[in-house]
Structures are given as C-alpha cells and as structure tokens.
Amino acid sequence: MNIPAELKYTKDHEWVKIDGDIATIGITDFAQSELGDIVYVEVETLDETLDADEVFGTVEAVKTVSDLFLPLSGEIIEFNEALEDEPEVVNSDPYDAGWMIKLKCSDLSQVDGLMSADDYKTLIGA
C-alpha cells in the first residue's frame, strides 16, 4: 500500500498536497483498490467555493459510485481533465497523474485537522 509521507489524509480516503494556498486533492491508493476499476470521475463544482466536508464530485467504479468529500474549504480552481478520457489512471497512479482537483484554500488552519501518513495507516490498518 502506497501512502506517501509528505501528503495529508482524510477519514474519507482523500489525499491532500499543499503548495502555498493551493491544495491538490485526489483519492488514496487504498480507496482506489477498494473501489476497483474506476470508469468515470465527475466534478461539477469547478469554480465553486465550498466548505470542508462538502461533496465536490463522484467517482464511479464498475461496482459502485462514491462521493468525493472536500478536505478543506475553498474555491475549486482546476479539474484534472485527463481523467475525462482516462479515469483508470486513478487506479494506476492515484498520487500523481490521477489527481482530481486543485483548490484555492480559504483557511489554511484546516490543514492541521488532517491526518499524517502514520495516522492514515492506523485508520486503514496498514
């Protein structure tokens, strides 16, 4: 199970990479393995400002559809358009090519409430 130490994590299995006030967000290796083959990623909240824990999109796998929860408050400024043609890249490369959105954070103090890699490993029993 790949759980990069430099990222932050949520109980809903999203990962967060912070660069200044921009957060890149996707789902974890654990989440993609639990979902199975991903066939569609939908984000209809581009250019919207949402609060932490609000649904920002969905990921559809062969067997199920799961909501994607925003780990931090802010404005969704970018969607990884490559996922429109190749959603399966979330399965093969969830932390790099499989990122989902970029968020302009409105409250960076919320980062302190996210889990470290060690905390996330404990959550999933890794």
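Thresholds applied
Residues numbered from 1 in each chain as written. Predicted model: local features only at pLDDT ≥ 70, side-chain atom pairs only at ≥ 80, totals over all residues. Heavy atoms only, no water. UniProt positions renumbered as here; feature names shortened; annotations may be inferred. Buried < 20%, exposed > 50% of the residue type's maximum accessible area, 1.4 Å probe, protein only. Helix = DSSP H or I, 4+ residues; strand = E, 2+ residues; numbered from the N terminus. Pairing = 2+ DSSP bridges.

Where an unreviewed UniProt entry is consulted, the protein appears under the name Glycine cleavage system H protein, with the organism given as Algibacter marinivivus. For the protein, the Sequence similarities (unreviewed entry) comment in UniProt is given as "Belongs to the GcvH family." The UniProt entry for the protein carries this comment under Subunit (unreviewed entry): "The glycine cleavage system is composed of four proteins: P, T, L and H."

Right, let's talk about the pairing of strand S9 (residues 101-105) for a bit. With burial as the criterion, only one face of S9 is covered, namely that bearing Ile101, Leu103 and Cys105; the residues Lys102 and Lys104 on the opposite face remain uncovered. In the sheet, strand S3 (residues 22-27) pairs with S9 via four bridges, with the strands oriented antiparallel. Within the sheet, the bridge partner assigned to Ile22 lies in S9 and is Lys104. In terms of strand pairing, strand S8 (residues 74-79) meets S9 through five bridges, oriented antiparallel. Note on S9: the bridge partner recorded for Glu78 is Lys102.

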